[in-house]
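Letter by letter, the chains look like this.
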Amino acid sequence: MTLQVWLCWLAGVALGGAGAFLVCWGLFSDRLSGSWKKRRCRKCMYDMTSVTGLKCPECGREWSSEAQMRKVRRRWGMASFGVVLTLCAFGLNWYAAGLALGWQSFAPAAVLIRLSPVIGREAALRSVIGRGTMTFPNAISIEQASTWTLAPVERVAISVLEDKHSSFPEVWAAVDAIYWMRDRVTQPEKIARLLTECPPGRMMPQYTWSNALYSIVSKNEVVLDPAKIAEAATSIGSNPGEVASRFLSEGLSESTARLVPDLLARGGHNQLTWPELEGVTPEVKAALLKRLRDVYFAGDALAKQRITSFLYPNGKMMPAGNADFEAMARDQIGQMRRGEDTDFLVDNSFISWQLSVPLSGVVPELGELLSSPKLYARERARDVLSRIERSPTHSPVLNQAIAKAIREGTDEARALAISIASRRRDIDREIIIGAIIQSVANVADPVVLDSMYRFVFPLVVEGLPTNKATPASNFTSPANLEQVLLENVAADGPCAAVSALWIARLPQISSETFRILAATMEDPSKSAGVRSAARDTLLHIRDREQPEVSPSAPLNDALPTSVLR
């Protein structure tokens, strides 16, 4: 026990003893001493033993009988003073017991909360809510608490928060009390203001403070300044991002959804996922994304990083077709295309396959991102475009984006576009093949050109003879492709050999093509690779049209007429 408790006990014992003595002396001293048997004037206590008659010579009082002169004297004033001392002793002992064992053990909470000026505001509040970490196991059930109990609790808690000189234990108890009765406060605006306008140097319990603030704001739709919340969180030793995470974990309302982005921008948490966002209504998500967009574009680079850290793991829970989300995505795509990305964006950009649904509205921009100079950006765009859900809205846009990447993009973009087109079942092959034919002459990488040809003429089963090659369905422009291939061969560029080999896969070959290939094979000015490819193509055509001819037979000067149109 503390010194204060010991002093209260000792003072209580002393006062109790003194009070008991005075009560006994004032009421029973005459009877105990036997003086009540003497003949006395009971008014002035004059000894009338030697006096004849019933009249007192001292005060003149005349008594009616001898019995009245022998009545026991009571000292009521002294006895009353003794009763007062006894009550004081009882109060001190009760106070000491309350300090030592807890006030809840000695009086009803509704009485104790009203005795806050006597027992202290902290003790009065704790007598109602008890003590506990995260929860209050000793608290009165809030459902059973009456207004007669809740009203003084709220009043005392407000008085503590309004007092700039309140001690930390008092403030802690006041915040705990507000959190305990959060659903039944009668002055939510005032309490929310007091929670966010902390005097300098004031400390608060972080868990109950943030949860009490969330409950009041979300349930009462109180409008608060996010800057003040962030400032209050910082002043009590917390992180504004931690407050935002507490709001998110409890489930957002429209009012708290407008606060979270500002708090995240002032101190976000990296790579945390809040599954509670899945159950949020579309209206709340729209409010959250709208404010996220405002904060994202109005903030500095650090604020953008913190918003990105929030959207990277949680963007998959955002709705598709949201203009605010798409605006932030376009900004990141633009940074990647311009080469303005940072190491942070490389690792945390929300342009990822997990967010393919909410990114379905930026397909054209993702198609352009395939031509980014950064490998990671091209791969992210490919992953998203490969996983965009098929729909009457998305598929035509995706076809156009892939076709544009093939026609206007780099060789890297063309290779990625072909890989995307090969994976997707909803691709319009006619459009993609048309784009390939238009762009063959612009390809500089033989490997990329070969992959494009393979898309135009896919094999049903790998390893079948070339005469079993299956051209693309509805392919209607072989003559155009044949002309482009011949131009590549004639140009003797890096793709000439590949173009020569792929001529043999055309459904039909004109006599002009055969003569050009034969001339190329004999032209010493052409590179060895092109001449060898032209010869291999002619052999390939002969073997396809004349399988009975021995492979060791010399190549004829002209093809059989069966191959000519």
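As the structure is a computational prediction, the values presented were derived from the model and not from experiment.

**Student:** Residues and numbers for the overall build of the chain, please.
**Tutor:** Scanning the chain from terminus to terminus reveals 27 helices and zero strands. Residues classed as buried in the chain amount to 48% of the 565 residues present. Considering only residue pairs separated by 6 or more positions, the chain has 68% of its internal contacts joining residues 24 or more positions apart.

**Student:** Can you tell me about the pattern of salt bridges, naming the residues and giving the values?
**Tutor:** One pass over the structure, following the stated rule, counts 23 salt bridges. Across the salt bridge formed by Asp294 and Lys290, the nearest N and O atoms sit 3.8 Å from each other. Taken together, the residues Asp294 and Lys290, both in helix H14 (residues 282-298) and four residues apart, mark about one turn of the helix. You can call Lys290 partly exposed: its relative accessible area is 48%. The residue Arg414 makes a salt bridge to Asp411 at a minimum N-O spacing of 2.9 Å. Taken together, the positions of Arg414 and Asp411, both in helix H21 (residues 411-423) and three residues apart, correspond to about one turn of that helix. Residue classification places Asp411 among the buried positions, given a relative accessible area of 14%. Through salt bridges with shared partners, one network takes in Arg121, Asp163 and Glu170.

**Student:** Can you lay out the packing of helix H23 (residues 446-456) against helix H25 (residues 496-503) for me, pointing to particular residues and giving the numbers?
**Tutor:** Where H23 meets H25, the axes come as close as 9 Å, and the angle between the chain directions of the two elements is 20°. By the angle between their axes, H23 is roughly parallel relative to H25. In the packing of H23 onto H25, the handedness of the crossing is right-handed. Note on element contacts: H25 touches H23 through Val498, Ser499 and Trp502, opposite Pro446, Leu449, Asp450, Tyr453 and Arg454. Residue classes in the contact of H23 with H25 are distributed as five nonpolar, one polar and two charged.

**Student:** Describe the environment of Leu517, and please don't skip the residues or the numbers.
**Tutor:** Note on placement: Leu517 falls in helix H26 (residues 511-522). According to the relative accessible area criterion, Leu517 is buried, its value standing at 0%. Once the C-alpha coordinates of Leu517 and Ile503 are considered, the two residues, 14 residues apart in sequence, prove to be 9.6 Å apart. Setting aside residues no more than four positions away along its own chain, Leu517 makes contact with Ile503, Ala534, Thr537, Leu538 and Ile541.

**Student:** Tell me about the side chain of Asp426, residues and numbers included.
**Tutor:** Tracing the backbone through its elements, the reader meets Asp426 in the loop between H21 and helix H22 (429-439). In terms of polar contacts, Asp426 uses its side chain to reach the side chain of Ser395, at 2.6 Å. Reaching out from Asp426, the side chain makes a polar contact with the side chain of Arg424 at a distance of 3.0 Å. Ignoring sequence-local partners within four residues, the contact set of Asp426 consists of Arg390, Ser395 and Asn399.

**Student:** Just give me the short version of a nonpolar patch on the surface, but keep the residues and values in it.
**Tutor:** Nonpolar side chains collect at one region of the surface, where Phe21, Trp25, Met78, Phe81 and Val84 lie side by side and expose about 490 Å² of accessible area between them. Mapped onto the nonpolar patch, the elements with two or more residues apiece are helix H1 (3-33) and helix H3 (76-101). Of all the elements, H3 adds the most residues to the nonpolar patch, at three residues. Looking at where Phe21 falls in the secondary structure, it is placed in helix H1.

**Student:** Describe H25, naming the residues involved and giving the relevant values.
**Tutor:** In terms of residue burial, H25 counts as a mostly covered element, since six of its eight residues are buried. Along H25, the residues that are buried comprise Ala496, Val498, Ser499, Ala500, Trp502 and Ile503.

**Student:** Help me get a handle on the packing of aromatic side chains, residues and values and all.
**Tutor:** How two aromatic rings sit relative to each other is set out by the distance from centre to centre and by the angle between their planes. Here the structure, examined in full by the defined rule, presents seven aromatic pairs. A centroid spacing of 5.1 Å and a plane angle of 65° characterise the contact between Phe168 and Trp172, whose relative ring orientation is edge-to-face. A residue pair is termed a helical-turn pair when its members lie 3 or 4 positions apart in one helix, as Phe168 and Trp172 do in helix H8 (residues 168-180) at four residues. On the accessibility criterion, Phe168 (35% relative accessible area) is partly exposed. Seen from the ring of Tyr179, Arg182 lies directly overhead, with NZ or CZ sitting 4.2 Å from the centre. One cation-aromatic arrangement involves Arg429 over Phe455; the distance from NZ or CZ to the ring centre is 4.1 Å.

**Student:** Which residues make up the nonpolar core, and what values go with them?
**Tutor:** Core analysis: the biggest nonpolar cluster contains 145 residues, and Trp180, Trp209, Leu277, Phe310, Leu311 and Ile351 have the highest contact counts within it. In terms of residue count, the dominant contributor to this core is H8 (eight residues).

**Student:** Outline H22, listing residues and values.
**Tutor:** Listed as buried for H22 are Ile432, Ile433, Ala435, Ile436, Ile437 and Ser439. The residue sitting at the N-terminus of H22 and contributing the capping side-chain oxygen is Asp428; that oxygen lies 3.2 Å from the backbone nitrogen of Glu430.

**Student:** Describe the side chain of Ser439, listing the residues and the values that go with them.
**Tutor:** Looking at the element boundaries, Ser439 is found in helix H22. Not counting residues within four places of it along the chain, the set of residues in contact with Ser439 comprises Ile406, Arg407, Arg414 and Met452.

**Student:** So what about the packing of helix H12 (residues 240-250) against helix H13 (residues 254-267)? Which residues, and what values?
**Tutor:** Packing of H12 against H13 brings their axes to within 7 Å, and their N-to-C directions diverge by 150°. The angle between H12 and H13 falls in the class roughly antiparallel. Crossing angle aside, the handedness with which H12 passes H13 is left-handed. The segment H12 lies against H13, with Pro240, Gly241, Glu242, Val243, Ala244, Phe247 and Leu248 engaging Thr256, Leu259, Val260, Leu263, Leu264, Arg266 and Gly267. Tallied by class, the residues present in the contact of H12 with H13 amount to nine nonpolar, three polar and two charged.

**Student:** Describe in detail the environment of Ala413, supporting the description with residues and values.
**Tutor:** Among the structural elements, Ala413 can be located in helix H21. Among the residues examined, Ala413 registers a relative accessible area of 0% and is labelled buried. Counting along the chain gives 44 residues from Ala413 to Leu369, while the straight-line C-alpha distance between them is 8.2 Å. In this structure, Ala413 is in contact with Leu370, Ser371 and Ala405, ignoring residues within four places of it in sequence.

Reading the values: the criteria
- Residues numbered from 1 in each chain as written.
- Predicted model: local features only at pLDDT ≥ 70, side-chain atom pairs only at ≥ 80, totals over all residues.
- Heavy atoms only, no water.
- Helix = DSSP H or I, 4+ residues; strand = E, 2+ residues; numbered from the N terminus.
- Buried < 20%, exposed > 50% of the residue type's maximum accessible area, 1.4 Å probe, protein only.
- Contact = heavy atoms within 4.5 Å.
- Salt bridge = Lys/Arg side-chain N within 4 Å of Asp/Glu carboxyl O.
- Axes fitted to C-alpha atoms, helices over the stretch in contact; angles between N-to-C directions.
- Parallel < 35°, antiparallel > 145°, perpendicular 65-115°, else oblique.
- Left-handed = near helix turned anticlockwise from the far one by under 90°.
- Nonpolar A, V, L, I, M, F, W, Y, C, P; charged D, E, K, R; others polar.
- Polar contact = N/O pair within 3.5 Å; in protein donor to acceptor, adjacent residues only side chain to side chain.
- Patch = residues over 30% accessible without salt bridge, like charges linked within 9 Å, V, L, I, M, F, W, Y side chains within 5 Å.
- Areas by Shrake-Rupley, 256 points an atom, 1.4 Å probe, with all protein chains shown as cover.
- Phe/Tyr/Trp six-rings, centres within 6.5 Å; stacked < 30°, edge-to-face > 60°.
- Lys NZ or Arg CZ within 6 Å of the ring centre and 35° of its normal.
- Core = buried A, V, L, I, M, F, W, Y, C linked by side-chain atoms within 4.5 Å.

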